[in-house]
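Here is how the chains run, residue by residue.
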Amino acid sequence: MSEEQDLAQQKKEAAAKAKAAALARRQSKESVTEEREGNMNVAKQKAAAAAKAKAVALARRQSKESVTGEPEGNMDVAKQKAAAAAKAKAAALARKQSKESGVAESEGNMDVAKQKAAAAAKAKAAALARKQSKESGIEESEGNMDAAKQKAAAAAKAKAAALARKQLKESGIEESEGNMDAAKQKAAAAAKAKAAALAKKKELLGKEEDPEKAKAKAIAAAKAKAAAASKTRARVEESTEVHTPDEPSPNQSILDQIVQAIERNLGQGALTDYYINNLSKDVPTLVAKPDTYFQIAKILRYDEQLNFHYLSELHGTDFETHMEIYVHLYSFNTNHSAALKVKLDRDSPVVPSLVPLWSGANWPECEAYDLLGILFQGHPDLKRILLGEDWVGYPLRKDYQPYDVEV
């Protein structure tokens, strides 16, 4: 019995020893595997860090290239190249770490580890590339953003300056209110003193004479002044109109022809004067008497050699010593011009109308009547054409005074 017990005991010990050896081998393998996995994790971390750094650099480069307008196809190729380079670098690093750990890794486990590390690096590189691409898009728009920011800053600066100026003006107005009050008080005092002086002056004028007498004095003073000026103008007129040129005028023969026709029909005393007006393009000028004015005009109109059938102008003038009518005539047959004048009494200016000879004299004679008070006998419809029929006075007279002095 003792031998069988010894044999059984030996078998148990051998089985326990084999089991312990197997367990030790198994634990040794597990520890090696864990150590290998730790080293693999370190290798993966290093590979991932390297891939991340390379992906960042590649993304920066791609961002710069994308600003210059490179297509997305080049971005994909660059990503593939970056992934392949990261995969190769991770494999080399894993092999190096495996050799350093002293563990003889199997090719199957190495392939699995390489595939995992490559997949992780590729996924991380792709994610990083997408992120960098988005950031590059933001960087691309930074130029436009900078321009927009500059414009917005300039607008804000201008607005702030305008607001500051406005506030400065308002503050200046507030500061000057005291001075304004003083200025207002001074202006009010000055206006009050001026009003008082004016009231005193009016009071004195009212005591001295009534408004009718003041108006009469003003009219008399104006008439005296007009008479004095008319004398001077009459002298100037005589010196300018009666002018003998050094050389004969080319229109002298026309003037002689007209004078001969008038004297032949009306005699030598029909004209008071005749001359060449050197101040008006050498126009032959005739000065008629009031009683021969119409007959002379008729000769000028119907004489076959003269034939002045067009009246181009008729107007009146107040020379203060007398009234005067000026008529300008033209002949289309001979291409000659002539002027006819007549001097009238200023207090009762009356002259025959030329409308029966020239219908163009209608409105000019109404104008002379309206503004100067000259009466044209024989006019078909003499009336005021610019002023009302109830208008008092004639505005073109030199001594004209408005009916309402205050206007």
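Since the structure is predicted, the reported quantities are computational estimates derived from the model, not experimental observations.

**Student:** What's the story with the overall build of the protein chain in this structure? I'm lost.
**Tutor:** Along the protein chain, the regular secondary structure elements total nine helices and seven strands. Counted over contacts in the protein chain with a minimum sequence separation of 6, partners at least 24 positions apart contribute 58%. Within the structure as shown, the protein chain displays about 27,400 Å² of accessible surface, and the carbon and sulfur contribution to it stands at 55%.

**Student:** I would appreciate a short explanation of the environment of Asn-362 in the present structure.
**Tutor:** Looking at the secondary structure, you find Asn-362 in helix H9 (residues 362–372). Asn-362 has contacts with Val-355 and His-379, leaving out every residue within four places of it along the chain.

**Student:** Is there a simple way to think about the confidence of the model for the protein chain in this case?
**Tutor:** Low-pLDDT stretches of the model should not have their predicted coordinates read in fine detail. Summary statistics for the protein chain give a mean pLDDT of 76 and a share of 60% for residues scoring 70 or more. Every residue in residues 103–107 scores below 50 in pLDDT, and together they form eight contacts with partners more than four places removed in sequence or on other chains.

**Student:** Just checking my understanding: could you explain the environment of Gln-257 for this structure?
**Tutor:** Position of Gln-257 among the secondary structure elements: in helix H7 (residues 252–266). Accessibility expressed as a relative area gives 31% for Gln-257, which makes it partly exposed. Measuring from C-alpha to C-alpha, the distance between Gln-257 and Gln-305 comes to 8.8 Å, with 48 residues separating the pair along the chain. Those residues in contact with Gln-257 that sit more than four places away from it in its chain are Gln-305 and Leu-306.

Cut-off values and rules
- Residues numbered from 1 in each chain as written.
- Predicted model: local features only at pLDDT ≥ 70, side-chain atom pairs only at ≥ 80, totals over all residues.
- Heavy atoms only, no water.
- Helix = DSSP H or I, 4+ residues; strand = E, 2+ residues; numbered from the N terminus.
- Contact = heavy atoms within 4.5 Å.
- Areas by Shrake-Rupley, 256 points an atom, 1.4 Å probe, with all protein chains shown as cover.
- pLDDT = per-residue confidence, 0-100.
- Buried < 20%, exposed > 50% of the residue type's maximum accessible area, 1.4 Å probe, protein only.

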